[in-house]
Amino acid sequence: MCPPVPPQRNDCPQRGIAFYTDALGFELVEDTDRGDGSRWVVVRPRGAAGVGGLGNTGLLLARAKNEEQEASVGNQTGGRVGFFLHTEDFAGDHERMTAAGVKFLEEPRHEPYGSVAVFEDLYGNRWDLLQPAG
């Protein structure tokens, strides 16, 4: 069980794993105890296994080790969208993610390039949920 903490901190890997796998539908690729009190936790979008299943996309969920790193959690891109989650079912994924508690910062938009809505992950990083046009 994770203790209650400010949402910008990743001091409980289980909280991050649950958010990315349950709310965003990612898969857990690796969760290894490093023996020094830390864990190597990697998640990735389903279907992003890459060539031979080795994976070419992954997101490391790592605990900040000092105040400088702590200050950057959730702000690696300076408040801009820095990550894109592509989908083939925008409406279905938007509905599922909303029901799972994902915080969308805007209503869905339908642009010439596709359907898009900005959301925040558990740590405040901004993502586009995006279904390209065509």
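Whatever comes next refers back to the structure up there.
Okay, so let's go over this structure. Source: prediction; values computed, not measured. (Residues numbered from 1 in each chain as written. Predicted model: local features only at pLDDT ≥ 70, side-chain atom pairs only at ≥ 80, totals over all residues. Heavy atoms only, no water.)

Some details on the overall build of the protein chain
In terms of helices and strands, the protein chain carries 3 helices and 8 strands. When its helices and strands are written in sequence order, the protein chain yields α-β-β-β-α-β-α-β-β-β-β. Element-wise, carbon and sulfur atoms account for 51% of the exposed surface of the protein chain, whose accessible area totals about 8200 Å². (Helix = DSSP H or I, 4+ residues; strand = E, 2+ residues; numbered from the N terminus. Areas by Shrake-Rupley, 256 points an atom, 1.4 Å probe, with all protein chains shown as cover.)

Focus: the pattern of salt bridges
Applying the stated rule across the entire model yields 6 salt bridges. Between Asp31 and Arg39 there is a salt bridge whose closest N-O contact spans 2.5 Å. Exposure remark for Asp31: the relative accessible area of 34% places this residue in the partly exposed category. On the basis of relative accessibility, which here comes to 27%, the residue Arg39 falls in the partly exposed class. Bridged by salt links that share partners, the residues Glu106, Arg109 and Glu111 form one connected network. (Salt bridge = Lys/Arg side-chain N within 4 Å of Asp/Glu carboxyl O. Buried < 20%, exposed > 50% of the residue type's maximum accessible area, 1.4 Å probe, protein only.)

Digging into the side chain of Ser38
Residue placement: Ser38 occurs in the loop between β1 (26-33) and β2 (39-45). Ser38 sits in the buried class, given a relative accessible area of 12%. Once residues lying within four places of it in the same chain are set aside, the contact partners of Ser38 are Thr32, Asp33 and Arg63. (Contact = heavy atoms within 4.5 Å.)

Observations regarding the sheet that holds β2
Pairing within the open sheet is antiparallel, and its 3 strands lie in the order β1-β2-β3. In the strand order of this sheet, the two ends are held by β1 and β3 (59-60), each with one partner. Note: β1 against β2, 7 bridges, orientation antiparallel. Note on β2: the bridge partner recorded for Leu28 is Val43. Sheet contacts for helix α1 (residues 13-23): β1, β2 and β3; angle to β1, the most-contacted strand, approximately 160 degrees. (Pairing = 2+ DSSP bridges. Axes fitted to C-alpha atoms, helices over the stretch in contact; angles between N-to-C directions.)

Comments concerning the nonpolar core
Counting 21 residues, the largest nonpolar core has Tyr20, Leu24, Met97, Val102 and Phe119 as the members making the most contacts within it. Looking at this core, the elements with two or more residues in it are α1, β2, α3 (90-99), β7 (114-120) and β8 (126-132). Looking at this core element by element, the count peaks at 4 residues for α1. (Core = buried A, V, L, I, M, F, W, Y, C linked by side-chain atoms within 4.5 Å.)

Looking at the layout of surface pockets
Estimated volume of the largest pocket: approximately 300 Å³. Every residue lining the largest pocket is counted, 17 residues in all, and those nearest its centre are Leu60, Ala62, Val73, Gln76 and Asn125. The set of elements that each furnish at least two residues to the lining of the largest pocket consists of β3 and α2 (67-72). Along the lines of polarity and charge, the residues of the lining of the largest pocket split into 10 nonpolar, 5 polar and 2 charged. (1 Å grid on protein atoms, 1.4 Å probe; cavity = no way out; pocket = protein on both sides within 12 Å on 5 of 7 lines; lining within 4 Å. Points joined across faces, edges and corners; volume = space filled by probe spheres on them. Nonpolar A, V, L, I, M, F, W, Y, C, P; charged D, E, K, R; others polar.)

Looking at α1
Along α1, the residues that are buried comprise Gly16, Ile17, Phe19, Tyr20, Thr21 and Ala23. Phi turns positive, to about 80 degrees, at Gly25, one or two residues after α1.

Details of the pairing of β8
Looking at chain direction, strand β4 (residues 81-86) and β8 are connected through 5 bridges and run parallel. Residue pairing across strands places His86 opposite Leu130, the latter belonging to β8. Inspection of the sheet shows β7 paired to β8 by 7 bridges, in the antiparallel sense. In the sheet register, Ser115 faces β8, and the bridge partner there is Gln131. Between the end of β7 and the start of β8, which pair antiparallel, lie 5 residues, with Gly124 showing a positive phi angle near 100 degrees.

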